[in-house]
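In case you want the letters, here they are:
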Amino acid sequence: MVRVFNVYFPLRTILLLVGEAAIISASFLTAALIQFGSNFTLVVGYENGGYRIALACGVFIFCMYYYDLYETYAFCDPRELITRLIQVLGTGCLAMALIYYVFPQVELAGPMIGLAVLFFGLSLILWRKMFLVLNRSGRLAERALIFGAGPLSLPLSHEIASRPHWGVRLAGYVGSPWDAGDTPDCPHLGNTEDLAAVVERERIREIIVTMAERRGRLPVEQLLDLKTKGIMVRDGVDVYENLTGKIPSESLRLSWLLFSPGFQLSRGRRIVKRGMSLALSLMGLALALPLMILTALAIRLDSEGPVLFSQERVGKDGKIFKLKKFRSMKWNADPDRPAEKDDDRFTRVGKWIRRIRLDELPQLYNILRGDMYFVGPRPFVPNQEWELVEKVPFYRQRWSVKPGATGWAQINRGYCATLEDNAEKLAYDLFYIKNMSIGMDLLIIFQTLKTLFLGRGGR
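Below or above, wherever it landed, is the structure these notes cover.

### Re the overall build of the protein
Here is step 1: Tallying secondary structure elements over the protein gives 19 helices and 11 strands in all.
Here is step 2: Considering only contacts within the protein whose residues lie at least 6 apart along the sequence, 71% involve residues at least 24 apart.
Here is step 3: Of the roughly 23800 Å² that the protein leaves accessible, carbon and sulfur atoms contribute 61%.

### What to know about the sheet that holds strand 3 (residues 142–147)
Here is step 1: In space, the 5 strands of this open sheet follow the order 5-4-3-6-7, with parallel pairing throughout. The open sheet has two edge strands, strand 5 (188–190) and strand 7 (232–235), and neither has a second partner. Along the sheet, successive strands turn relative to each other by an average axial angle of 35°, direction set aside.
Here is step 2: In terms of strand pairing, strand 3 meets strand 6 (residues 206–209) through 4 bridges, oriented parallel. Looking at strand 6, one finds that Leu 145 is bridged to Ile 207.

### Some points on the pairing of strand 4 (residues 168–174)
Here is step 1: Strand 4 sits mainly inside the fold: 5 of its 7 residues count as buried.
Here is step 2: Across 6 bridges, strand 3 lies against strand 4 in parallel orientation. Its bridge partner being in strand 4, Ala 144 is matched across the sheet by Leu 170.
Here is step 3: As paired strands, strand 4 and strand 5 are joined by 2 bridges and run parallel to one another. Bridge pairing in strand 5 places Tyr 173 opposite His 188.

### Quick notes on the nonpolar core
Here is step 1: Ranked by size, the top nonpolar core spans 40 residues in total, and within it Phe 326, Leu 361, Tyr 395, Trp 408, Tyr 432 and Met 440 carry the most contacts.
Here is step 2: Here the element with the most residues in this core is helix 18 (residues 419–435); it accounts for 6 residues.
Here is step 3: The next biggest cluster of nonpolar side chains, apart from the first, holds 29 residues, and it includes Ile 23, Tyr 100, Met 112 and Leu 124.

### Comments concerning the packing of aromatic side chains
Two numbers describe a pair of aromatic rings. These are the distance of the centres and the angle of the planes.
Here is step 1: Counted according to the given criterion, the structure contains 10 aromatic pairs.
Here is step 2: Ring centres of Trp 408 and Phe 431 lie 5.7 Å apart, and the angle between their planes is 25°; on these two criteria the pair is classed as stacked. Residue Trp 408 is found in helix 17 (residues 408–412), and its partner Phe 431 is found in helix 18; the two are separated by 23 residues along the sequence.
Here is step 3: A relative accessible area of 2% means that Phe 431 is categorised as buried.
Here is step 4: Stacked on the ring of Tyr 65, the Lys or Arg Lys 450 has its end atom at 4.2 Å from the ring centre.

### Notes on the side chain of Gln 311
Here is step 1: For Gln 311, the position within the fold is in strand 8 (residues 308–314).
Here is step 2: Here Arg 313 takes part through its side chain, which lies 2.6 Å from a polar atom of the side chain of Gln 311.

### Structural notes on unusual backbone geometry
Here is step 1: Located in the positive-phi region is Asp 317, a residue other than glycine, with phi close to 60°.
Here is step 2: Within the element layout of this structure, Asp 317 appears in the loop between strand 8 and strand 9 (320–326).
Here is step 3: Given the relative accessible area of 52%, Asp 317 is considered exposed.

### Considering the environment of Ile 247
Here is step 1: In this structure, Ile 247 sits in the loop between helix 11 (236–244) and helix 12 (254–259).
Here is step 2: Separated by 181 residues in the primary sequence, Ile 247 and Tyr 428 place their C-alpha atoms 6.4 Å from one another.

### Considerations on the side chain of Asp 359
Here is step 1: Its place among the elements puts Asp 359 in the loop between helix 14 (348–355) and helix 15 (363–369).
Here is step 2: Within polar-contact distance, the side chain of Asp 359 engages the side chain of Lys 325 at 3.5 Å.

### Quick notes on the packing of helix 13 (residues 267–302) against helix 19 (residues 438–453)
Between two packed helices, the angle of one axis relative to the other and the distance separating the axes together describe the packing.
Here is step 1: With their axes 11 Å apart at the nearest point, helix 13 and helix 19 run at an angle of 25° to one another. By the angle class used here, helix 13 and helix 19 are roughly parallel. Read as a crossing pair, helix 13 and helix 19 show a hand that is right-handed. Residues Val 272, Lys 273, Met 276 and Leu 280 of helix 13 touch helix 19, and the partners they reach there are Ile 438, Asp 441, Leu 442 and Ile 445.
Here is step 2: Of the residues belonging to the contact of helix 13 with helix 19, the class tally is 6 nonpolar, no polar and 2 charged.

How each quantity is defined
Residues numbered from 1 in each chain as written. Predicted model: local features only at pLDDT ≥ 70, side-chain atom pairs only at ≥ 80, totals over all residues. Heavy atoms only, no water. Helix = DSSP H or I, 4+ residues; strand = E, 2+ residues; numbered from the N terminus. Contact = heavy atoms within 4.5 Å. Areas by Shrake-Rupley, 256 points an atom, 1.4 Å probe, with all protein chains shown as cover. Pairing = 2+ DSSP bridges. Axes fitted to C-alpha atoms, helices over the stretch in contact; angles between N-to-C directions. Buried < 20%, exposed > 50% of the residue type's maximum accessible area, 1.4 Å probe, protein only. Core = buried A, V, L, I, M, F, W, Y, C linked by side-chain atoms within 4.5 Å. Phe/Tyr/Trp six-rings, centres within 6.5 Å; stacked < 30°, edge-to-face > 60°. Lys NZ or Arg CZ within 6 Å of the ring centre and 35° of its normal. Polar contact = N/O pair within 3.5 Å; in protein donor to acceptor, adjacent residues only side chain to side chain. Parallel < 35°, antiparallel > 145°, perpendicular 65-115°, else oblique. Left-handed = near helix turned anticlockwise from the far one by under 90°. Nonpolar A, V, L, I, M, F, W, Y, C, P; charged D, E, K, R; others polar.

Listed below in C-alpha cells is the structure:
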C-alpha cells in the first residue's frame, strides 16, 4: 500500500496508473515518429513537443480517473472496461479540441493525435487484460493471517476478502474458535499456542493482531521473535483504516482516541486551512455569481416564498449557526424533516437544483464568514444531532473541528437515511479528523468536483 495525503492506495493501482501513463506517452511518441520520421527529435526536443505530449497524456489519464477506470468494479469487468475506454477516448478528444481552440500554441498535429489514440486505445485493452490476470493471481499476493478473536476480526476479514486488488491474501485466523467463528473468508487455522507453527506451515508474511483484550494475553515475545525473522506484525485497527478509509466502530475505544496519533490541528494548519477556505469561497462566489443569479430568478418565477432560506446547523464545539441555502422546497414545508428521493415538498426547480447541487452554493457565504471550512464533517440540524449523540457512541467528536461544505464522509458514503448509515458516516468523519491535512483536503475537493460533474448522489 502507498500512502498519499494520509490516504492509502493499493500498490497495484499505482502500478496500473504508472503503466498506463507510460503506454499513452509511448503511443504519442510512436505516432510522432511515424508522422515526422527524421524530424522526430526536432519536434519533441526543440518545439516543446515533449510538453505538448505530456499535456495530452495528462488529459487522457484525467478522463480515465473521472470515468472510474481505477475503481475495482471497472477494471475487473471486461464489458465495463470497453465501454468506459470508449467514453474516455471520446471525451479526451473533445477536451483536447477545446484546449487547442483556446491555446493553439500547444496543439499537436491532427494525424498524430488520431494515430496515438488508435495505438493506446488498443494497447490499454491488452494491458488491462494482462493486469487483470496478474491481479487475480494468488501467488503474487502477500499471505496474511488474523491473530486473536475480537469484534474487529470478522469485519476485517470480510474487508480483506472483498479487496483482492490490495494484494493481501488472508489464509485464516489463529485464536479461540468459539470467539470468532469459522467462515469461508477466514477459516480457523489453530489456537494461540499454534501461532509459530501456523506461520511456518502457511508461509505467512504478515500477522494482523485483532485481539480485543491484550493485557496479559498477547504473546509479545513470540510476536517479537517472528518479527525478527521478517514477519510483519500489524495492528488490526491500522489495517482496517488503510483498507476502508474509516475508523472501525466495532472496536473503537476512548483510550484509543486519546492516545492515537492525529485528532489535533495545529495553529499553523488552522491558519492555512482557514486561508484556503477563504480563497476558495471568494473564487467560488466570483465564478458562480451569474449562475446564482439565474438560479434565484428561476426559484422566484417557479414558486412563492423567499429565494434563500436559513437553517440552524450544529458547528464546532456544538455551537449553532445559520446555514444559507437556495430554497428547493415549498415555502410552507418543514425543512427539518430529512429529504426523501421523491419528496412531495420539492418544487419543480427545487428538484433540479438539488440534483446538481446548486442549492448548496450560498454556503460559500458561510465559509466566507468563518462558520465552516470548505472541507470538514457535514453539519446537520440540531434535533438530528442531539438524537445521534444519544444513540451513536463518540458522535460528539465530530464537533471537534469546523464543519465543511464537503468532506471525506460525503465522497465515500453519500446520503444517510438510517441510524446505521450515520454510524458508518461517523467512522469516515473520525478518519478525516484523525488524518486531516491540506493535501487530503485537496484530494477531497478534487473528488467532489468529479461527483458534481458526473451528477452523482443528489437528493
